Amino acid sequence: MRIYNYLFYKSYLLAKRSKNFDDIPALGGLIFVAACLMFNIFTIAILFQATGIIDEYPFKPEYKYVFSIALVTLVLLYYLFKGRYKRIIDDYEQKKSGNVQLHPIFVIIIYYVVSFGLLLLAGMYKNHDWIFAQ
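Quick caveat: nothing in here was measured; it's all calculated off a predicted structure. As a convention, each chain's residues are numbered from 1 in the sequence order in which they are written. For this predicted model, a pLDDT threshold of at least 70 governs which residues receive local features, and a threshold of 80 or more governs which side-chain atom pairs are given and counted, while totals over whole chains, interfaces and linings are taken from all residues. Excluded from the side-chain calculations are hydrogens and water; all other atoms, namely the structure's heavy atoms, are used.

Colleague: Quick question: what am I supposed to make of the overall build of the protein here?
Modeller: Tallying secondary structure elements over the protein gives five helices and zero strands in all. Along the protein, helices and strands appear, N-terminal first, in the series α-α-α-α-α. Across its three principal directions, the C-alpha atoms of the protein cover 50 × 35 × 25 Å. Out of the 134 residues in the protein, the part that is buried amounts to 30%. Think of it this way: any DSSP run of H or I at least four residues long counts as a helix, any run of E at least two long counts as a strand, and we number them from the N terminus. Summary of the burial criterion: residues with accessible area below 20% of their type's maximum are buried, those above 50% are exposed, and those between are partly exposed, where the area comes from a 1.4 Å probe applied to protein chains only.

Take a look at the structure:
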């Protein structure tokens, strides 16, 4: 969860800078973390299907809204539980003094590109395309 906490912190900073989430900047962080978590869950599901651990893709299209809302709710509950998001923000605020800081958008874009790339590689592995062709 450490990477997601860092991603939440950078998303929180981005939400504060953009002034779109002036009233609830933590919500901006939650949205980015939930999207990244979805990429990672789908990557793992595709790899499990490709290796034969599971037979069928577990996410049905008719349940996409239910799954999305449930995932965002779980992430929301995780960060709101006993003010966890405040402790995460405070921890990273204390650590950042004196260190070179990347702009939050760069951290988010790098994570999205890496996650999406892994998702594409998992799909190619499943379909035996490109370097996975036999």
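Colleague: Would you take a moment to explain the packing of helix α2 (residues 25-51) against helix α3 (residues 64-80) for this structure?
Modeller: Two quantities define a packed helix pair, namely the angle between the axes and the distance from one axis to the other. Working convention: axes come from line fits to C-alpha atoms, limited for helices to the stretch in contact. Angles between N-to-C directions cover 0 to 180 degrees. The N-to-C vectors of α2 and α3 enclose an angle of 120 degrees; their axes lie 10 Å apart at closest approach. By the criterion of interaxial angle, the relationship of α2 to α3 is oblique. Every pair of crossing elements has a handedness; the one defined by α2 and α3 is right-handed. Residues L30, V33, A34, L37, M38, I41 and F42 of α2 form the contact with α3, whose own contacting residues are F67, S68, L71, V72, V75, L76 and Y79. When an angle is under 35 degrees it counts as roughly parallel; over 145 it counts as roughly antiparallel; between 65 and 115 it counts as roughly perpendicular; any other value is oblique. Handedness of each helix crossing follows the sense of rotation of the near helix against the far helix: counterclockwise by less than a right angle gives left-handed, clockwise gives right-handed. The criterion used for residue contact is that any of the two residues' heavy atoms lie within 4.5 Å.

Colleague: Got a minute to help me understand the packing of α2 against helix α5 (residues 104-127) in this structure?
Modeller: It is at 9 Å that the axes of α2 and α5 come closest, and there the two elements cross at 20 degrees. When the axis of α2 is compared with that of α5, the two are roughly parallel. α5 is crossed by α2, and the crossing has left-handed handedness. Residues F32, A35, C36, F39, N40, F42, T43, I46, L47, Q49, A50 and T51 of α2 touch α5, and the partners they reach there are I108, Y111, Y112, S115, F116, L118, L119, A122, G123, Y125 and K126. Think of it as three bins: nonpolar holds Ala, Val, Leu, Ile, Met, Phe, Trp, Tyr, Cys and Pro, charged holds Asp, Glu, Lys and Arg, and polar takes everything else, Gly as well. Looking at the contact of α2 with α5, its residues break down into 16 nonpolar, six polar and one charged.

Colleague: I keep staring at the nonpolar core and nothing clicks. Help me out?
Modeller: Nonpolar side chains in soluble globular proteins tend to be buried together. Counting residues in hydrophobic clusters, the biggest one holds 19 residues, and the most contacted among them are L7, F8, V33 and Y79. Mapped onto this core, the elements with two or more residues apiece are α1 (2-18), α2, α3, α4 (84-95) and α5. The leading source of residues in this core is α1, at seven residues. Ignoring anything within four residues of it in the chain, the contact list for Y79 reads M1, Y4, N5, F8, L30, V33, R84, Y85 and I88. Buried residues of nine kinds, namely Ala, Val, Leu, Ile, Met, Phe, Trp, Tyr and Cys, make up a nonpolar core once their side-chain atoms join them within 4.5 Å.

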